[in-house]
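Summary of the model geometry
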Amino acid sequence: MKIFVALGYNERDKWIPNLVFPIIKAFGDEVVSGEEVQGEQITDAVIREIRQSNALMAFATRRDKINENRWTTHRWVTDELSNAIAFKIPVAEIRETGVDEQGGIAGDRQRILYAESERDKCLVEIVKTIGKWHLRDTIELKLMPDECIQAVRPLLRKPGLLCTYKILERNGMMSEEIPAQILPITGGLFVRAQNVPPMSFIQIRVECAGKSWSSEFENVESLGIHLHEE
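What comes next is a walk through the structure. Here, residues in each chain are numbered from 1, in the same order as that chain's written sequence. For this predicted model, a pLDDT threshold of at least 70 governs which residues receive local features, and a threshold of 80 or more governs which side-chain atom pairs are given and counted, while totals over whole chains, interfaces and linings are taken from all residues. For side-chain calculations, the full set of non-hydrogen atoms in the structure is used, while hydrogens and water are omitted.

**Structural notes on the overall build of the protein**
Keep this limit in mind: The helix and strand labels rest on DSSP assignments: H or I over at least four residues marks a helix, E over at least two residues marks a strand, and numbering proceeds from the N terminus. For every residue, the accessible area (1.4 Å probe, protein chains only) is compared with the maximum for its type, and the residue is labelled buried under 20%, exposed over 50%, or partly exposed between those bounds. Whether two residues are in contact is decided by their heavy atoms, any of which lying within 4.5 Å being enough. Residue exposure ignores everything except the shown protein chains as possible cover, and the areas themselves are Shrake-Rupley values with a 1.4 Å probe. In this tally, Lys and Arg are treated as positive and Asp and Glu as negative; His is ignored, and so are the chain termini. In this description, the location of a charge corresponds to atom NZ of lysine, CZ of arginine, CG of aspartate or CD of glutamate.
Looking only at helices and strands, the protein has five helices and 15 strands in total. When its C-alpha atoms are laid out on the principal axes, the protein stretches across 65 × 35 × 30 Å. Within the span of the protein, comprising 230 residues, buried residues form 43% of the whole. Long-range pairs, those at least 24 residues apart, make up 62% of the contacts in the protein between residues at least 6 apart in sequence. Split by element, the accessible area of the protein, about 12,500 Å² in all, is 49% carbon and sulfur. Taken as two groups, the 29 positive and 35 negative side-chain charges of the protein have centres that lie 1 Å from each other.

**Describing helix H1 (residues 15-26)**
For the record, the criterion: Under the convention used throughout, the expected extent of a helix is 1.5 Å for every residue step, that is, one less than its residue count. Relevant arc is that of directions from the helix axis to the C-beta atoms, nothing else.
Along its 12 residues, H1 runs 16 Å from first to last C-alpha, staying within 8% of the 16 Å computed at 1.5 Å per residue. Inspection of H1 places Trp15, Ile16, Val20, Phe21, Ile23 and Ile24 among the buried residues, and these make up the whole buried set. Seen end-on, H1 carries its buried residues on one side only, within an arc spanning 160°. In H1, the exposed positions that point more than 90 degrees away from the buried face belong to Asn18, Lys25 and Ala26. Residues of H1 that are buried in the fold lie against strand S1 (2-6), strand S2 (30-33), strand S3 (55-60), strand S5 (110-114) and helix H4 (119-133). Backbone geometry just after H1 places Gly28 at a positive phi near 85°.

**Remarks on the sheet that holds S3**
The line we're drawing: In this analysis, strands are considered paired if DSSP registers two or more bridges between them. Here, axes are lines fitted to C-alpha atoms. For helices the fit covers the stretch in contact, and angles between N-to-C directions go from 0 to 180 degrees.
Spatial ordering of the open sheet is given by S2-S1-S3-S4-S5, a layout of five strands whose pairing is parallel. Every other strand in the sheet has two partners, leaving S2 and S5 as the edge strands with one partner each. Along the sheet, successive strands turn relative to each other by an average axial angle of 20°, direction set aside. Of the strand pairs in this sheet, S3 and strand S4 (residues 91-96) are connected by five bridges, and their pairing is parallel. Each residue of the ladder has a partner; that of Leu56, found in S4, is Val91.

**What about the nonpolar core?**
Nonpolar side chains in soluble globular proteins tend to be buried together. The cut-off we apply is this: By nonpolar core we mean a set of buried residues, namely Ala, Val, Leu, Ile, Met, Phe, Trp, Tyr and Cys, connected to one another through side-chain atoms within 4.5 Å.
By size, the foremost hydrophobic cluster in this structure holds 25 residues, and its most contacted members are Leu143, Tyr165, Ile182, Ile204 and Val206. Of all the secondary-structure elements, those providing two or more residues to this core are strand S6 (137-144), helix H5 (146-152), strand S7 (162-168), strand S8 (178-180), strand S10 (188-196) and strand S11 (201-208). Filtering out sequence-adjacent residues up to four positions away, Leu143 remains in contact with Ile149, Ile182, Leu189, Val191, Ile204, Ile225 and Leu227. Listed in part, the 22 residues of the second largest apolar core include Val31, Cys122, Leu123 and Ile126.

See the structure below:
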């Protein structure tokens, strides 16, 4: 798993690379972080890294003091968090006590509270979060049957080709449509889906040049997924 870590670049936040990065690596995961950006504008390269990550942790720690009990946080951290939410990858916001709620980020995400005097509790919650993320896998599903594949394959290089998937969890929760790429791999055409919970169901839809194909919700444990022309 590739985990993007959004953090402040200052002495006060050095505990994050010193303590959190080793935890992430202990799970066998890759750590990616943005660069310190002059003017607080995140770069296109950082946005690409976020898009290609499997999850993001954003450390909204104290920056500038507003008054006796409130602080701002780092603009690039909130921007990186916003991008991750837009890309629909799992996110966890670690928010320090006293950080101003104004300008909060919309969207579903886990929030972990951090107090400098109780850093150990925060680290425990971070370990739990990464463990939960590991229950979600990236899977590759082979598209079937052959007649649909023969119709879709010539469209792979055409502009306007759209492939999406939805995930239906056992508890009835259904995701929005998530963009995906069709990959020509030896043996056929495959769709790669990220952050898929175990024992869930997936539906795939392909659209191009006025034609569309879709599947029913099928078990993610299936070796392939069957499309039919709409």
